[in-house]
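The residues making up each chain are set out below.
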Amino acid sequence: MGVRTQEAEAAPRVRASVSGPGAAAVLFVFLVALLLLAANGRPIGEPDKTGLAGWLFGGVLALVGHVFELDVTGRAIVGKLLAAAFAAAAGAALFAAASARHGTGEGRWAGFALALGTTLTAAAQSFSGEAPATCAVAIALWLLVQADAGDDGRIAAAAGLPLALAVAFQPST
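The structure reproduced in this document is the subject of the present report. The structure displayed is predicted, hence computed values, not measured ones.

**Structural notes on helix α1 (residues 23-39)**
At 3.6 residues per turn, the α-helix brings residues three or four places apart onto the same side. Helix length check: α1 (17 residues) gives 24 Å between terminal C-alpha atoms against 24 Å at 1.5 Å per residue, within 8%. Where α1 is concerned, the buried positions are V29, A33 and L37. Buried positions in α1, seen along its axis, are confined to an arc of 55° and lie on one side of it. Projecting away from the buried face of α1 at angles above 90 degrees are the exposed residues A23, A24, F28, L35 and A39. Two residues or fewer after α1 comes G41, characterised by a positive phi angle close to 75°.

Spelled out as structure tokens, the structure:
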């Protein structure tokens, strides 16, 4: 004699409420990471001028060149500040994504760990495609978290653009 049991229904998917951090908190994380990355060391080497990263760097140099006369050291400083800005933006985007899922405490650690505790810190010493590519991936992650919370496929599809940019900035990744 056997005992009959009913098939258990699949549990409904529980979605985390995504309120996320406010814009002021994301800006604060960005500014702190930018300050720490800009103050860390001195600019090294000649910035990478290949691919989409080279176009971006050339455009920024042209804009800054209208205001300041840039020599080799000036170009290295601009490259370092640009790389630090992208690294800080990557940390802020990861902070926003992780905070929406796990709270601001966890998000803060994740954002600062990415910006200040990985190879991104070294990449912020001289401009290359690594910092913008990492920033693009972090933005795509944030978009995917937003799409999952709102169950909106259009936002998830929009995450494809930053991912494509990440490949364009750093094809080796």
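That was the structure; now back to the text.
**Notes on the packing of helix α6 (residues 130-150) against helix α8 (residues 160-169)**
Orientation of α6 relative to α8, taken along the N-to-C sense of each, is 165°, at an axis distance of 8 Å. On the basis of their axis angle, the class for α6 and α8 is roughly antiparallel. For α6 against α8, the interelement crossing comes out left-handed. On α8, the residues touching P132, A133, A136, V137, I139, A140 and L143 of α6 are P162, L163, L165, A166 and F169. Considering only residue class, the contact of α6 with α8 consists of twelve nonpolar, no polar and no charged.

Calculation notes
- Residues numbered from 1 in each chain as written.
- Predicted model: local features only at pLDDT ≥ 70, side-chain atom pairs only at ≥ 80, totals over all residues.
- Heavy atoms only, no water.
- Helix = DSSP H or I, 4+ residues; strand = E, 2+ residues; numbered from the N terminus.
- Expected span 1.5 Å × (residues − 1).
- Buried < 20%, exposed > 50% of the residue type's maximum accessible area, 1.4 Å probe, protein only.
- Arc of directions from axis to C-beta.
- Axes fitted to C-alpha atoms, helices over the stretch in contact; angles between N-to-C directions.
- Parallel < 35°, antiparallel > 145°, perpendicular 65-115°, else oblique.
- Left-handed = near helix turned anticlockwise from the far one by under 90°.
- Contact = heavy atoms within 4.5 Å.
- Nonpolar A, V, L, I, M, F, W, Y, C, P; charged D, E, K, R; others polar.

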